[in-house]
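# Observations on chain architecture
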Amino acid sequence: MKKKYFSDFNPFFLKILNFNFRIEYIIFNFKKIIFSNSLSFEDLFILYFFYLKKISNIDIFFLNTGKIFLNFINLINKIKKKYSIKINVFFPNLFLINKYIKKYNLNSFYNNIILRKICCFIRKIEIYNKIIYDFDVIITGQRYSRYGSDYLNLNFDNSRKIIKYNLLYFWDYKDIFYFIEKFNIKINYIYNYGYSSLGCEPCTKKISTEENIRGGRWWWESFNSSKKECGLHL
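None of the values given here were measured: they were computed from a predicted structure.

Conventions adopted
Per chain, the residues get numbers from 1 upward, laid out in the order the sequence is written. Residues qualify for local features only when their pLDDT is at least 70, as the model is predicted, and side-chain atom pairs are given and counted only at 80 or more; totals for whole chains, interfaces and linings, by contrast, use all residues. Only hydrogens and water are set aside when side-chain values are computed; all heavy atoms of the structure are taken into account. Nonpolar side chains (Val, Leu, Ile, Met, Phe, Trp, Tyr) are joined into patches within 5 Å and like charges within 9 Å, using only residues with over 30% relative accessible area and no salt bridge. Per-residue accessibility takes into account occlusion by the displayed protein chains alone, with areas from the Shrake-Rupley method and a 1.4 Å probe. The term salt bridge refers to a side-chain nitrogen of Lys or Arg lying within 4 Å of a carboxyl oxygen of Asp or Glu. A run of H or I in DSSP counts as a helix once it spans at least four residues, and a run of E counts as a strand once it spans at least two, with each numbered from the N terminus. Any residue under 20% of the maximum accessible area for its type is buried, any over 50% is exposed, and the rest in between are partly exposed; the area is computed with a 1.4 Å probe on protein chains only. Polar contact criterion, stated in full: a pair of N or O atoms within 3.5 Å, where within protein one must be able to donate a hydrogen and the other to accept it, and residues adjacent in sequence count only if both atoms are side-chain atoms. In this analysis an axis means a line fitted to C-alpha atoms, helices contributing only their contacting stretch, and an angle means the value between N-to-C directions, from 0 to 180 degrees. Roughly parallel here means an angle under 35 degrees, roughly antiparallel means over 145, roughly perpendicular means 65 to 115, and every remaining angle is called oblique. In this scheme the crossing of two helices becomes right-handed for a clockwise turn of the near helix relative to the far one and left-handed for an anticlockwise turn of less than a right angle. The contact criterion used throughout is that any non-hydrogen atoms of two residues lie within 4.5 Å. Here the nonpolar group is Ala, Val, Leu, Ile, Met, Phe, Trp, Tyr, Cys and Pro; Asp, Glu, Lys and Arg are the charged ones; every other residue, Gly included, is treated as polar.

A cluster of nonpolar residues, Phe13, Leu14 and Leu17, forms a patch on the protein surface that exposes about 310 Å² of accessible area. Along the chain, Leu14 falls in helix α1 (residues 11–29).

Below, the discussion takes up the pattern of salt bridges. Oppositely charged side chains can pair when the atoms bearing their charge come close. Tallying each qualifying case throughout the model produces 9 salt bridges. With a shortest N-O distance of 3.0 Å, Glu24 and Lys53 are connected by a salt bridge. Remark: Lys53 occurs in the loop between α2 (41–52) and β2 (58–63) and Glu24 occurs in helix α1; sequence separation between them is 29 residues. Residues Lys130 and Glu126 are paired through a salt bridge, measuring 2.7 Å at the closest nitrogen-oxygen approach. In this pair, Lys130 and Glu126 both sit in helix α5 (residues 113–132), 4 residues apart, roughly one turn of the helix. For Glu126, a relative accessible area of 15% corresponds to the buried category.

Relative to the helices and strands, Arg214 resides in the segment after α7 (173–182). Separated by 3.1 Å, the side chains of Arg214 and Ser197 make a polar contact.

To continue, consider the packing of α2 against α7. Running from N to C, α2 and α7 point in directions that differ by 45°, and their axes come no closer than 10 Å. In this view, α2 runs oblique relative to α7, as classed from their interaxial angle. Where α2 crosses over α7, the handedness of that crossing is left-handed. Contacts between α2 and α7 involve Phe41, Glu42 and Phe45 from the first element and Tyr173, Ile176, Phe177, Phe179 and Ile180 from the second. For the contact of α2 with α7, the class distribution of residues is 7 nonpolar, no polar and 1 charged.

See below:
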């Protein structure tokens, strides 16, 4: 009687193969590559695999808007030390921030969506556009299921006309946390306290498990995915 052999098929393995293929494709086909790292669990997952593959020719940056959670600074230092990598930290234009505060006041972004988007532009988009201007490709950890909208393109940034690889575009958060737990990847501890999407501290709140994953962002505005964005990933 012949023995039966059963293979332990793991669908996550195929995701990793595809993920690895896309990373290698980018590395071998482009020279000036930059990774926009917001320290989300998606971005730290990607960063871990850069570390495993000993990738050193990709620039990595983080935007310190001046309104981030305080523990982000400590987390950046720990990640840099753990992976022996360089993460460039950029700050918004202080002149523009002071001009905004003087004209509208510090927390005017709570008043209406226009003032909030102006604040987002000054603290994020203006400096972001300058950072990526001279690069061929930008990498992010943005996912379709997080946004649920077709404006998030798989491989291109329509607003800036630049190649943009959203490496985790088709991934669900459960897929990512499978690997985070399996490989013991370090992420921000405040995810354990009800935060699901991390942005500027005044514009982010805890949510319940029944709410949309982006429900804690700009929480005072009515939920509408076309409006509740800062403009970085359009």
